[in-house]
Amino acid sequence: MGSELTPEQAPPRIDPFTTEIILDGLYAAAREMFITLGRTSKSPIIYEVLDYACGLYSAEGELVAQDNGVTGFLGTLYFAVKEVRDKFGDRLEPGDMFITNDPWTGNGSHLSDVNLIYPIFYEGELVGYAVNKAHWTEVGGKDPGSWSADATEVFQEGLLFPCIHLYRAGTINQALVDLIAANVRTPDDTLGDLYAQAASLRVGARRVVELCRKYGVAAIRAAIEEHLRRGRERARQAMERLPRGTFVIEDAMENAVGVNGPIPVRLKLTITDDTFEVDVSDNRGPVATSINGTAVGVAAQARTVFKILTDPHGPVNEGNFAPVRVVAPEGTIFTAPRPAAVSIHWEYKSILADMIFQLMAPYLPDRLPAGHQLSTCSSIVDGRGEDGEYWLIVEPQLGGWGG
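Predicted model, so just to flag it, every value in this text is computed and none were measured.

With that out of the way, let us pick up the packing of helix H5 (residues 187-215) against helix H6 (residues 217-239). Where H5 meets H6, the axes come as close as 7 Å, and the angle between the chain directions of the two elements is 110°. Considered as vectors, H5 and H6 are oriented roughly perpendicular to each other. Residues Leu211, Cys212 and Tyr215 of H5 form the contact with H6, whose participating residues are Val217, Ala219 and Ile220. Here the contact of H5 with H6 is composed, by residue class, of six nonpolar, no polar and no charged.

Below you can see the structure in the form of structure tokens.
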């Protein structure tokens, strides 16, 4: 599956009606995953704020279908799947499920955004991946809610899961569950969200297996390949409507704890006939607080912004992002090396997107909103009830988004 296949390897063609039925089935599966997670989660930031996303990927790790609560998660699940494929290769077994929230590899945001990845097998053959990402209200760390304006390194921000087994061949890693429970302030809620994510993945996998059983693996692969081809073609056509050239912009991030004055930032955007390249290399180094970014986060945000600019209402798949390139060498505020603090990751992503929008606004005035507040402005409230039970809530105060 994918453009690298030879003619002999390519899946057979299927009629367009069956193709659409299969693709609709895959999108319905992603939607059912999303609904399942929302209805079974424990934390309001998931079931009310909708700070999560669910997706299905091909056996080759290409996005096939995704349902989002948060726009910024568009296409980001790719990196979690890639991390599993890079780390475990062909050692995957039916019933395996992996967990990762590493900002530098499979996540691209903060530790609170936890990814679960579930390889899907049909009759012993790997046919795809079900994956989701959800914000856990608590992953430990020095402060309740697990993000801190004054953190100076990632170790203060909570538990980091370096792409490890949550389930191995269907058996849960109880030692990991016990470790999580012992290191978070609200273990019932945190583990409840964990199990909700796992249930969501199993629902998606079950629907994919049903499609394989009904239509055959070859037909599923052929439908996905056609889906990706369309995505690449839509991206190519969209590129024709963008200006050509190199565009440079300078702006400033607002000051942070321990930083004097606004932080100057710079972005270079290069658009050719075939590529949309985002370059953040010409920026100062990371700061000793939690507004730093990672290269994976930059790549994820570049994909999201490209989709917004080019094809915001079209179906989402890996082909949509074919033109996107990123130049993000380690060592800038956008690409901080370990163990930089990164929990307030929305600050660098917001300014990154806004700079691209500013560059494109003169050329796409009907596509882009007005500027916005460039932050999420979350607050954390905690305490104990009359029964002595600890409670905790994280609330984003969104506002001022462009019309």
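Of the consecutive residues Arg338 and Pro339, the connecting peptide bond is found in the cis state with omega at 0°. By the secondary structure assignment, Pro339 is in the loop between strand E11 (324-327) and helix H8 (346-360). Positive phi values are uncommon outside glycine, yet Ser146 reaches one of about 70°. Residue placement: Ser146 occurs in the loop between strand E5 (125-135) and strand E6 (164-168). Exposure remark for Ser146: the relative accessible area of 3% places this residue in the buried category. You will see that Cys163, though not glycine, has its phi angle at about 55°, which is positive. Position of Cys163 among the secondary structure elements: in the loop between E5 and E6.

The next point concerns empty space enclosed by the protein. Under the counting rule described, the total for this entry stands at three cavities of 30 Å³ or more. Here the largest cavity is characterised by a volume of approximately 70 Å³. Every residue lining the largest cavity is listed: Leu26, Leu56, Tyr57, Ser58, Val64, Ile120, Val127, Gly128, Tyr129, Val208, Ile220 and Ile224. Secondary-structure elements contributing two or more residues to the lining of the largest cavity are strand E1 (52-58), E5 and H6. Classifying every residue of the lining of the largest cavity by side-chain character gives ten nonpolar, two polar and no charged.

On to the sheet that holds strand E8 (residues 245-253), then. If you walk across this open sheet you meet the four strands as E8-E9-E10-E11, and the pairing is mixed. With partners counted over all chains shown, the strands left at the sheet margins are E8 and E11, one partner each. Here the strands of the sheet are splayed against their neighbours by 20° on average, with no regard to which way each runs. Along the sheet, H8 contacts E8, strand E9 (263-271) and strand E10 (276-279); its crossing angle with E8, the most-contacted strand, is approximately 135°.

At a minimum axis separation of 10 Å, helix H7 (residues 295-310) and H8 run at an interaxial angle of 40°. Both H7 and H8 take part in a crossing whose hand is right-handed. Two secondary-structure elements touch here, H7 through Gly297, Val298, Gln301, Val305, Ile308 and Leu309 and H8 through Tyr348, Lys349, Ser350, Leu352, Ala353, Ile356, Phe357 and Met360. Grouping the constituent residues of the contact of H7 with H8 by class yields ten nonpolar, three polar and one charged.

How each quantity is defined
- Residue positions are counted from 1 within each chain, in the order its sequence is given.
- Given that the model is predicted, a residue must reach a pLDDT of at least 70 before its local features are reported, and side-chain atom pairs must reach 80 or more before they are shown or counted; all residues, however, enter totals for whole chains, interfaces and linings.
- Excluding hydrogens and water, the side-chain figures rest on all heavy atoms present in the structure.
- A fitted line through C-alpha atoms represents every axis, and for helices the fit uses only the stretch in contact; the resulting angles, taken between N-to-C directions, go from 0 to 180 degrees.
- Helix and strand labels come from DSSP, where a helix needs a run of H or I of at least four residues and a strand needs a run of E of at least two; each type is numbered from the N terminus.
- By the definition adopted for this analysis, an angle is roughly parallel if under 35 degrees, roughly antiparallel if over 145, roughly perpendicular if from 65 to 115, and oblique otherwise.
- Note on definitions: a residue-residue contact is assigned when non-hydrogen atoms from the two residues lie within 4.5 Å.
- Amino acid classes used here: Ala, Val, Leu, Ile, Met, Phe, Trp, Tyr, Cys and Pro are nonpolar; Asp, Glu, Lys and Arg are charged; the rest, including Gly, are polar.
- Type-normalised accessible area, obtained with a 1.4 Å probe on protein chains alone, sets the label of each residue: buried when under 20%, exposed when over 50%, and partly exposed for intermediate values.
- Of the two site types, the cavity is a set of points on a 1 Å grid over the protein atoms alone where a 1.4 Å probe fits but cannot get out, and the pocket is an open set with protein on both sides within 12 Å along at least five of seven lines, each lined by residues with an atom within 4 Å of a point.
- Grid points are joined across faces, edges and corners, and a volume is the space filled by probe spheres set on the points.
- By definition, two strands form a pair when at least two bridges between them are found by DSSP.
- Less than a right angle of anticlockwise turn of the near helix away from the far helix marks a crossing as left-handed, whereas a clockwise turn marks it as right-handed.

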